[in-house]
Amino acid sequence: SDSKVMTCAAVWRMPKELESGSHESPDDSSSNTQTLELLCHLDNTAHGNMACVMWEPMGDGKKIISLADNNILLWDLQESSAKAVLSSSAALEGKGQLKFTSGRWSPHHNCTQIATANDTTVRGWDTRSMRQIYCIENAHGQLVRDLDFNPNKQYYLASCGDDCKVKFWDTRNVTEPVKTLEEHSHWVWNVRYNHSHDQLILTGSSDSRVILSNMVSISSEPFGHMVDDDELSDQDDQHQEEKIKEPLQDSVIATYEEHEDSVYAVEWSSADPWLFASLSYDGRLVINRVPRALKYHILL
């Protein structure tokens with residue numbers, strides 16, 4: 001508006017036919033285009049440009065947090081969902097023009113914690129008091145682009161940024177990252193934990209590559225599945241015990257180079273844990289699968 005770029009947010013409702021659980025395939029309704037219903041705008045006129053919006057991970061779809069410039073805004077969608085009421089907010093204070101770049105809502109601790117990124121800093125907030133609970137200053141050498149919580153392991157948070165690195169943190173002790181990945185050669189825009197198997201990590205970067213990593217040592221199953229004693233013969237026993245004692249090694253599973261431009265988004269399928277998508281600046285959307293050998297290694 002007035003030759004200025006404004007970023008805003010709104011809540012929309014999908015048509016009933018497209019909701020999960022409906023058996024109709026989308027092709028059936030191609031003749032009549034479905035339209036989304038606009039429920040409400042998240043009014044950010046007083047708070048500046050929206051950087052990101054997050055649904056409460058385990059909630060009933062009534063709570064949203066948005067980050068606008070240097071403000072954290074907690075919205076409550078009323079019964080009708082047609083009105084968003086600002087229930088609480090907090091501002092980032094300090095020198096200079098502070099602006100949030102991204103944030104994630106933790107699925108742990110009764111969904112009372114969020115993590116935000118601004119400049120090179122990652123902060124944790126308690127949504128009940130809107131107070132800061134931890135701060136990782138200089139988490140990355142340059143801008144922090146994205147964050148993601150481990151879905152199965154409390155306190156574990158992944159971050160990535162313009163220093164080409166992906167870092168894993170234990171938010172109880174933020175002096176040093178638990179692990180650092182340095183596989184990309186340009187800014188890392190996205191990091192995503194697999195929803196079911198948290199050792200699988202997906203990253204996308206402006207080096208045009210998508211990298212799938214196996215971070216077993218910091219996953220919720222660092223030693224693989226424990227085997228029942230009854231299942232083993234004496235000969236296998238010793239061999240198996242040695243295997244259990246030795247944690248599996250972290251490694252890069254695969255590097256995908258189908259994109260010819262910067263990869264700005266990677267995401268796991270919410271329906272199939274072995275499927276993921278990536279999207280690059282040139283508009284190319286690529287769907288890939290976790291290699292079958294690794295899938296069976298994890299499952300068996």
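Residues numbered from 1 in each chain as written. Predicted model: local features only at pLDDT ≥ 70, side-chain atom pairs only at ≥ 80, totals over all residues. Heavy atoms only, no water.

The protein chain goes by EIPR1 protein in an unreviewed UniProt entry, where it is assigned to Stercorarius parasiticus. In its Sequence similarities (unreviewed entry) section, UniProt records this for the protein chain: "Belongs to the WD repeat EIPR1 family." (UniProt positions renumbered as here; feature names shortened; annotations may be inferred.)

> I tried to follow the pattern of salt bridges on my own but got confused; where do I start?
Pairing is possible between side chains that carry opposite charge, provided their charged atoms lie close to one another. Counted under the stated rule, the structure contains 11 salt bridges. Between Arg192 and Asp146 there is a salt bridge, with the nearest N and O atoms lying 2.8 Å from each other. Here Asp146 lies in strand S11 (residues 144–149) and Arg192 lies in strand S15 (residues 188–193), a separation of 46 residues in the sequence. By relative accessible area, which is 6% here, Asp146 ends up buried. Salt bridges here are not isolated pairs; linked through shared partners, they connect Asp146, Arg192 and Glu267. (Salt bridge = Lys/Arg side-chain N within 4 Å of Asp/Glu carboxyl O. Helix = DSSP H or I, 4+ residues; strand = E, 2+ residues; numbered from the N terminus. Buried < 20%, exposed > 50% of the residue type's maximum accessible area, 1.4 Å probe, protein only.)

> Sorry if this is basic, but what is going on with the sheet that holds S11 here?
One key point about sheets: their strands pair by backbone hydrogen bonds, in either a parallel or an antiparallel sense. Reading across the sheet, the 4 strands line up as S11-S12-S13-S14 and stay open at both edges, with antiparallel pairing between neighbours. Since the sheet does not close on itself, it has two edges, and those belong to S11 and strand S14 (179–181), each with one partner. Between one strand axis and the next, the sheet turns by 20° as a mean value, whatever way the strands run. When strand S12 (residues 156–161) meets strand S13 (residues 166–170), the two strands line up antiparallel, connected through 5 bridges. Paired with Leu157 across the bridge in S13 is Trp169. (Pairing = 2+ DSSP bridges. Axes fitted to C-alpha atoms, helices over the stretch in contact; angles between N-to-C directions.)

> I keep staring at the environment of Trp169 and nothing clicks. Help me out?
Assignment of secondary structure puts Trp169 in strand S13. Take Trp169: its relative accessible area is 2%, and that puts it in the buried class. Sequence-wise, Trp169 and Thr180 are 11 residues apart; in three dimensions their C-alpha atoms are separated by 9.1 Å. At 2.9 Å, the side chain of Trp169 and the side chain of Ser159 are in polar contact. (Polar contact = N/O pair within 3.5 Å; in protein donor to acceptor, adjacent residues only side chain to side chain.)

> So what exactly am I meant to see when it comes to the sheet that holds strand S6 (residues 84–91) here?
With antiparallel pairing, the 4 strands of this open sheet are ordered in space as S3-S4-S5-S6. Either end of the sheet is taken by a strand with one partner, and the two such strands are strand S3 (50–55) and S6. Within the sheet, the average angular offset between the axes of one strand and its neighbour, ignoring direction, is 20°. Taken together, the 7 bridges between strand S5 (residues 71–77) and S6 define a ladder with antiparallel strand orientation. Counterpart to Trp75 in the pairing with S6 is Leu86.

> Mind showing me how you'd approach the UniProt feature "repeat: WD" (unreviewed entry) in the protein chain here?
UniProt's feature table lists "repeat: WD" (unreviewed entry) at residues 137–173, given in the numbering used throughout. Spanning residues 137–173, this segment combines 0% helix with 46% strand, and its end C-alpha atoms are found 13 Å apart.

> Help me out: how do you make sense of the pairing of S15 in this one?
Consecutive side chains of a regular strand alternate in pointing toward one face of the sheet and then the other. Summarising burial for S15: 5 of the 6 residues are buried, a large majority. Pairing of S15 with strand S16 (residues 200–205), which is carried by 5 bridges, proceeds in the antiparallel orientation. Considered in S16, the bridge of Tyr193 is made with Ile201. Hairpin connection from S15 to S16: 6 residues lie between these consecutive antiparallel strands.

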